[in-house]
Amino acid sequence: HCLAVRAVCQREIDCDRGNGYSWKITLLRNYWKSKVKQEWLSGKYSHIPSQFSLPEKSMYPMDVDTWGEILEAELER
């Protein structure tokens, strides 16, 4: 699970590990973020008609760098 989460959230995982979090805490802190981030990066929400069409679990607190990655992926599509 850690490797799958790190594949999507490498910067976040490296930061948590650098701050001394255990692998277990790091996984718990980043698991749902990686799921939501992967959906956004894959383009799942690229063509939604309105914010009301987004599923409830499509949002997760993410930092500005993560949203920047998502925006870059959208601009490349």
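Scroll up to find the structure.
Predicted model only: the values in this text are computed from it and were never measured. For every chain, the first residue of its written sequence is number 1, and the numbers climb from 1 along that sequence. In keeping with the model being predicted, local features are shown solely for residues with a pLDDT of at least 70 and side-chain atom pairs are shown and tallied solely at 80 or more, while totals for entire chains, interfaces and linings include all residues. Each side-chain value is derived from all of the structure's non-hydrogen atoms; neither hydrogens nor water enter the calculation.

A.B. asks: Which residues make up the packing of aromatic side chains, and what values do they have?
C.D. replies: Paired rings are identified among Phe, Tyr and Trp, the last through its six-membered ring, by centres lying within 6.5 Å, and are further divided according to the angle between planes into stacked (under 30 degrees), edge-to-face (over 60) and tilted (the rest). Counted under the stated rule, the structure contains 3 aromatic pairs. Ring geometry for Tyr31 and Trp32: centres 5.4 Å apart, planes at 80 degrees, overall edge-to-face. Only protein chains enter the area calculation, which uses a 1.4 Å probe; residues under 20% of their type maximum are buried, those over 50% are exposed, and those in between are partly exposed. The class for Tyr31 is partly exposed, based on a relative accessible area of 26%. Overall, the relative accessible area of 47% leaves Trp32 in the partly exposed class. Ring geometry for Trp40 versus Tyr45: centroids 4.9 Å apart, planes at 55 degrees, classification tilted.

A.B. asks: Outline the packing of helix 2 (residues 10–18) against helix 3 (residues 23–41), listing residues and values.
C.D. replies: Pairs of packed helices are described in terms of their axes, by the angle between the two and the distance that separates them. The convention used is that axes are lines fitted to C-alpha atoms, helices contributing only their stretch in contact, and that angles between N-to-C directions extend from 0 to 180 degrees. Numbering of helices and strands runs from the N terminus, with a helix taken as a DSSP run of H or I at least four residues long and a strand as a DSSP run of E at least two residues long. For the pair helix 2 and helix 3, the least separation of the axes is 10 Å and the interaxial angle reads 165 degrees. Taken together, helix 2 and helix 3 sit at an angle that is classed as roughly antiparallel. Relative to helix 3, helix 2 is oriented so that their crossing is right-handed. Here helix 2 contributes Arg11, Glu12, Ile13, Asp16 and Arg17 to the contact with helix 3, which in turn contributes Trp23, Thr26, Arg29, Asn30, Lys33 and Lys37. When its residues are assigned to classes, the contact of helix 2 with helix 3 shows 2 nonpolar, 2 polar and 7 charged. Just so you know how the angles are binned, under 35 degrees is roughly parallel, over 145 roughly antiparallel, 65 to 115 roughly perpendicular, and the rest oblique. It is the rotation of the near helix from the far one that decides the hand of a crossing: anticlockwise by less than a right angle makes it left-handed, clockwise makes it right-handed. Contacts are assigned to residue pairs that have any heavy atoms within 4.5 Å of one another. As a working rule, the residues Ala, Val, Leu, Ile, Met, Phe, Trp, Tyr, Cys and Pro are called nonpolar, Asp, Glu, Lys and Arg charged, and the rest polar, with Gly in that last group.

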